[in-house]
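Listed here are the chains, written in short residue letters.
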Amino acid sequence: MAKYEQIADALRQSIRAGQLLPGERLPAEDKLAARYRTSVPTLQRALSELVAEGLIDRRHGVGTFVRTPRRRVMRSNDRHQWEKDRVRRSTAERLRTGSTEHDTGLEVTDLAFHAEYRDAKADEDLASVFGVPMGTRVLERIYRTNCRAEDAPFALVHSYLVHDVVAANPDLLDAANEPWPGGTQNQLYTIGIELDRVEERITARPPTVEEAEALGLKKGVSVIVLRKICTDIRDRVVEVSDVTLCGDRTELVFTTSLKRW
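We now turn to the structure provided with this report. Everything numeric in this text was worked out from a predicted model, so none of it was measured. (Residues numbered from 1 in each chain as written. Predicted model: local features only at pLDDT ≥ 70, side-chain atom pairs only at ≥ 80, totals over all residues. Heavy atoms only, no water.)

Describing the pairing of strand 1 (residues 56-59)
- Examined bridge by bridge, strand 1 and strand 2 (residues 63-66) share four bridges and lie antiparallel to one another. Residue pairing for strand 2: R59 is matched across the bridge by G63.
- Between the end of strand 1 and the start of strand 2, which pair antiparallel, lie three residues, with G61 showing a positive phi angle near 80 degrees. (Pairing = 2+ DSSP bridges. Helix = DSSP H or I, 4+ residues; strand = E, 2+ residues; numbered from the N terminus.)

Spelled out as structure tokens, the structure:
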């Protein structure tokens, strides 16, 4: 094992054992190099390994710190029934919590929420899923939610609705009404739509440069890409969402109940 790998492993073990705590500042590089009886360049190479693993952060002109773990998200398939069960409850009750709080265990006051709405046209992919002609007008909704103690959002969400369908309630076209109490299922309920099923298709891939920057991903961390397709009781696709999740802090949990013999 090379010298820089030995140093990286020693620091890694100290972090995992709790001897170096989240947020703790490491000694200056020259002092660490002296401690491990190595050169500063070798020490810097070891630190670069730990930065890539997401264990430490190097802040220019400030120092090197043990990275505080990001809030984990546990997304299970029971979230959709949980949201449907809340659709017809009072506004006050729906305001108290939402799907992000459900997945993270955080409170509404812990979160910063951003929504952007814009007009778009269905490309070949969306047209095929919705069963509409290419170029059909759609409402694209872009959501970013993050813990107030962190800079990066939990996920990058692009949700699509057929414009002519949701235009029946003008309130659904205005981003100023976000966050909407009860989420998309309640929004659809206001125009008489009840969901019958939600299909989720999941893949993984390296992030784009823009995704890595937006999500605060370290080198080597993949993203989980989830496409959610919502179908109503008339067997009509009414919403399509593309959700890009962080591979290093997202747990997907699927529980399947089996019929007894």
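Focus: unusual backbone geometry
- The linkage connecting E178 with the following residue, P179, adopts the cis geometry, with an omega of -5 degrees.
- Tracing the sequence through the fold places P179 in the loop between helix 8 (163-166) and helix 9 (183-189).
- The backbone of R37 shows a phi angle near 50 degrees, a positive value even though the residue is not glycine.
- On the secondary structure map, R37 appears in the loop between helix 2 (29-35) and helix 3 (40-52).
- Look at D235: it is not a glycine, yet its phi comes out positive at around 65 degrees.
- Position of D235 relative to the elements: it lies in the loop between strand 8 (223-232) and strand 9 (237-246).
- Here D235 falls in the exposed class, since its relative accessible area comes to 53%. (Buried < 20%, exposed > 50% of the residue type's maximum accessible area, 1.4 Å probe, protein only.)

Here we look at the pattern of salt bridges
- On inspection of all chains with the given rule, the structure shows 22 salt bridges.
- Across the salt bridge formed by D119 and R137, the nearest N and O atoms sit 2.7 Å from each other. Residue D119 is found in strand 4 (residues 111-121), and its partner R137 is found in strand 5 (residues 137-147); the two are separated by 18 residues along the sequence.
- Under the relative-accessibility criterion, D119 is labelled partly exposed at 46%.
- Looking at R137, the relative accessible area reads 40%, which means it is partly exposed.
- With its nearest N and O atoms 3.6 Å apart, the salt bridge here joins E239 to R141. One end of the pair, E239, is in strand 9; the other, R141, is in strand 5, and 98 residues separate them in sequence. (Salt bridge = Lys/Arg side-chain N within 4 Å of Asp/Glu carboxyl O.)

Section: the nonpolar core
- Core analysis: the biggest nonpolar cluster contains 20 residues, and V166, L188, I191, V238, V243 and L245 have the highest contact counts within it.
- Those elements giving two or more residues to this core turn out to be strand 4, strand 5, strand 6 (155-162), strand 8 and strand 9.
- Residue contacts for L245: discarding those within four places in its chain leaves F154, A155, S222, V223, I224, L226, T250 and L252.
- L20, L26, L47 and L50 belong to the second-largest nonpolar core, a separate cluster that totals 17 residues. (Core = buried A, V, L, I, M, F, W, Y, C linked by side-chain atoms within 4.5 Å. Contact = heavy atoms within 4.5 Å.)

Quick word on helix 3
- Spanning 13 residues, helix 3 covers 18 Å between terminal C-alpha atoms, matching the ideal 18 Å at 1.5 Å per step.
- Buried within helix 3 we find L43, A46, L47 and L50. Viewed end-on, helix 3 has its buried residues packed into an arc of 95 degrees, placing them on one side of the element.
- On its buried face, helix 3 sits against helix 1 (3-16), helix 2, strand 1 and strand 2.
- Once helix 3 ends, the next one or two residues include G54, with phi positive near 80 degrees. (Expected span 1.5 Å × (residues − 1). Arc of directions from axis to C-beta.)

Section: the sheet that holds strand 5
- Read across the sheet, six strands follow the order 4-5-6-9-8-7 without closing on themselves; strand pairing throughout is antiparallel. Strand pairing shows two members of the sheet lacking a second neighbour, strand 4 and strand 7 (195-205), which therefore form its edges. Going from strand to strand, the sheet's axes swing by 15 degrees on average, the running direction of each strand aside.
- Sheet topology places strand 8 next to strand 9; nine bridges connect them, and they run antiparallel. The residue bridging T231 from the neighbouring strand is V237, located in strand 9. (Axes fitted to C-alpha atoms, helices over the stretch in contact; angles between N-to-C directions.)

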